[in-house]
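Structure assessment
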Amino acid sequence: MDDTVAARAWSPSTLPPLLDGEVARVALGQPIRLKAWVERYGSPLNVVWPELLKRNAEALQAVPRRHGVVLDVYYGAKVNKSQALVRAAVEAGIGVDVSSEYEMRDALRAGADPRRLVATGPAKTERFHRQLVACGSLISVDSVEEFEALQALERQSQPSRRARLLLRYRPASARASRFGMGEADVAHCLRQLAAARDSFAFEGFHFHLGGYDHASRAQALREVMVQVAAAREIGLAAQVIDIGGGLPIRYVEAERYAAFLQSQDATHYRNGKLPTSFYPYGGGLDAPTWLDELLAAPFDATTTVAEALIAQGLRLAIEPGRSLVDQAAISVFRVNRVKALADGRHVVYVEGSSFSACETWFASEYLVDPILQSFGSPHGEAPMRAYIAGHSCLDDDVITNRLIDFATRPAPGDLLVFANTAGYQMDLLENEFHRHPMPRRIAVRNGAAGGVDVSPDD
Ligand SMILES: Cc1ncc(COP(=O)(O)O)c(C=O)c1O
């Protein structure tokens with residue numbers, strides 16, 4: 001396919017995305033191919049690289065081996081609705097963290113071993129509990145109330161196998177969170193578990209924290225070790241501590257990002273509001289380095305976190321969502337129109353809506369600039385600043401509130417390519433507003449002779 005004809009990629013200069021080589025080959029280097037895909041599957045189009053999940057999983061798994069720690073990885077399937085990504089996780093030999101019976105169904109459909117599923121989330125239904133127990137999957141118990149529901153289930157149906165449980169602990173740093181249990185509730189559940197060993201197999205503890213630093217996880221691990229000791233005292237041997245997700249990824253260069261944060265103010269936003277929080281898009285750490293630093297962090301005066309886990313005979317479990325899908329998708333929007341507004345500013349309308357790209361609905365912003373692929377007659381290098389809006393009639397349906405610096409004016413039919421969207425950015429809030437068809441996902445695989453094959457990933 002000749003990708004040179006009258007097509008040009010304009011890499012952004014303010015917050016250009018860090019791009020995996022394979023993704024860059026398509027996102028930057030093959031505009032005609034991208035355009036053909038959008039014509040065939042519609043806009044916005046989510047293009048997924050499942051093989052990159054496998055590569056990310058391998059990179060993570062290599063880290064604890066160096067520390068002598070046994071690691072269980074569960075792919076946090078909530079991060080993206082792609083079935084190809086779930087299949088890639090299964091093919092990579094890792095488990096899956098499922099938060100609903102539907103995620104569980106899809107993981108099983110992808111060939112997952114039911115014993116390598118962990119069910120998290122605070123409001124599991126009775127049906128979900130039944131399926132989890134019947135399949136021998138691991139259940140993270142969020143509350144005393146959830147534990148009582150499991151006890152009731154066991155009394156009613158006397159399942160043939162014991163329910164495998166983790167207790168979700170609420171670390172001190174997350175006191176105000178509604179997720180997990182404080183010490184008293186954990187102690188209560190432990191006593192109940194000790195008295196009901198025929199029904200329940202206690203396997204360990206779980207927590208998940210917001211934020212992306214590893215110091216808070218090391219502190220939470222110290223607290224959980226106290227629970228591990230308390231459980232041992234009543235004859236319950238924990239085998240694993242599951243520290244949830246929150247491993248960071250890098251979207252843009254750290255220095256460029258820091259400079260941008262320093263320089264931006266409310267005038268850079270169409271609504272005159274500077275968001276108060278952002279994902280750390282230009283953080284210095286990738287997930288494997290984060291895990292390495294966590295395992296090497298001091299647990300106490302004489303031991304590291306890794307040594308403490310080994311000394312207690314504990315496996316470490318993690319449930320990465322975002323970091324396993326790092327680089328694994330792009331989202332492509334077709335430009336519909338550029339409109340001059342009364343205040344002298346411009347808006348770029350795209351086919352698609354902000355429901356597909358989620359940050360603006362959380363009063364934040366995706367601080368990664370889109371790549372502009374322009375087609376047809378050259379527009380001349382007339383730079384312009386504009387925000388990007390979806391096609392709906394809602395004023396707040398914007399892909400960016402931020403005014404983006406375009407090196408040239410986008411034209412109808414051009415494409416805006418957002419990189420690294422697999423982690424919560426592309427398809428969580430999709431709908432059929434204005435009866436537009438749901439955006440499609442396609443999965444890319446390397447084909448023969450350096451080409452790529454795509455297939456629908458619905
Ligand atoms: C319990 C639990 N585990 C794992 C994750 C995945 O987190 P992340 O995508 O940041 O790795 C989440 C996300 O909300 C979660 O709630």
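- Named according to an unreviewed UniProt entry, the chain is Orn/DAP/Arg decarboxylase 2 originating from Hydrogenophaga taeniospiralis CCUG 15921.
- Under the Cofactor (unreviewed entry) heading, UniProt states for the chain: "pyridoxal 5'-phosphate".

Comments concerning the environment of Arg270
- Inspection of the secondary structure puts Arg270 in the loop between α10 (254–263) and α11 (287–296).
- In this structure the C-alpha to C-alpha distance between Arg270 and His346, which are 76 residues apart in sequence, comes to 9.7 Å.
- Residues within four places of Arg270 in sequence aside, it is in contact with Arg345, Tyr387, Asp395, Asp396, Val398, Asn401 and Leu403.
- At a separation of 3.3 Å, a polar atom in the side chain of Arg270 contacts the side chain of Asp396.

Quick word on the sheet that holds strand β5 (residues 117–119)
- With respect to topology, eight strands assemble into a closed barrel ordered β3-β4-β5-β6-β7-β8-β9-β10, the strand pairing being parallel. On average, adjacent strands in this sheet sit at an angle of 30° to one another, irrespective of strand direction.
- Looking at chain direction, strand β3 (residues 71–76) and strand β10 (residues 315–318) are connected through three bridges and run parallel. Bridge assignment links Leu71 to a residue of β10, and that residue is Leu316.
- With respect to the sheet, helix α7 (residues 144–157) is in contact with β6 (138–141), β7 (163–168) and β8 (200–206), its orientation differing from that of β6 by roughly 135°.

Observations regarding the UniProt feature "domain: Orn/DAP/Arg decarboxylase 2 N-terminal" (unreviewed entry) in the chain
- Here, UniProt's "domain: Orn/DAP/Arg decarboxylase 2 N-terminal" (unreviewed entry) annotation points to residues 70–259.
- For the annotated span residues 70–259, helix accounts for 42% and strand for 17% of the residues, and the straight-line distance between the end C-alpha atoms is 39 Å.

A word on the pairing of β3
- Along β3, six of the six residues are buried, which leaves the element largely enclosed by surrounding structure.
- Both β3 and strand β4 (residues 95–98) contribute to a ladder of three bridges, which runs parallel. Bridging from a neighbouring strand, Tyr74 pairs with Gly95 of β4.
- Read from β3 through helix α4 (residues 83–91) to β4, the crossover connection turns out right-handed.

Section: the site of the ligand
- Every residue near the ligand is listed here: Lys78, Asp97, Thr120, Arg168, His208, Gly245, Gly246, Glu319, Pro320, Gly321, Arg322 and Tyr424.
- With respect to the ligand, the backbone of Gly246 contributes an N or O atom lying 2.9 Å from an oxygen atom.
- The separation between a nitrogen atom of the ligand and a polar side-chain atom of Glu319 is 2.6 Å.
- For the ligand, whose unbound accessible area comes to 390 Å², protein coverage reaches 84%.
- Along the lines of polarity and charge, the residues of the shell around the ligand split into two nonpolar, five polar and five charged.

So, the packing of aromatic side chains
- All chains considered together, the criterion is met by twelve aromatic pairs.
- Taken together, a centroid distance of 5.3 Å and an interplanar angle of 45° make the contact between Phe147 and Phe200 tilted. Of the two residues, Phe147 sits in helix α7 while Phe200 sits in strand β8, which places them 53 residues apart along the sequence.
- Judged by its relative accessible area of 0%, Phe147 falls in the buried class.
- Overall, Phe200 belongs to the buried group, its relative accessible area being 4%.
- Through a chain of ring-to-ring contacts, three or more aromatic side chains come together here, namely Tyr212, Tyr251, Tyr257, Tyr279, Tyr281 and Tyr366.
- Here the basic side chain of Arg270 rests over the ring of Tyr387, its NZ or CZ set 5.5 Å away from the ring centre.

The rules behind the values
Residues numbered from 1 in each chain as written. Predicted model: local features only at pLDDT ≥ 70, side-chain atom pairs only at ≥ 80, totals over all residues. Heavy atoms only, no water. UniProt positions renumbered as here; feature names shortened; annotations may be inferred. Helix = DSSP H or I, 4+ residues; strand = E, 2+ residues; numbered from the N terminus. Contact = heavy atoms within 4.5 Å. Polar contact = N/O pair within 3.5 Å; in protein donor to acceptor, adjacent residues only side chain to side chain. Pairing = 2+ DSSP bridges. Axes fitted to C-alpha atoms, helices over the stretch in contact; angles between N-to-C directions. Buried < 20%, exposed > 50% of the residue type's maximum accessible area, 1.4 Å probe, protein only. Right-handed = clockwise from strand over helix to strand, strands pointing away. Near = heavy atom within 4 Å. Areas by Shrake-Rupley, 256 points an atom, 1.4 Å probe, with all protein chains shown as cover. Nonpolar A, V, L, I, M, F, W, Y, C, P; charged D, E, K, R; others polar. Phe/Tyr/Trp six-rings, centres within 6.5 Å; stacked < 30°, edge-to-face > 60°. Lys NZ or Arg CZ within 6 Å of the ring centre and 35° of its normal.

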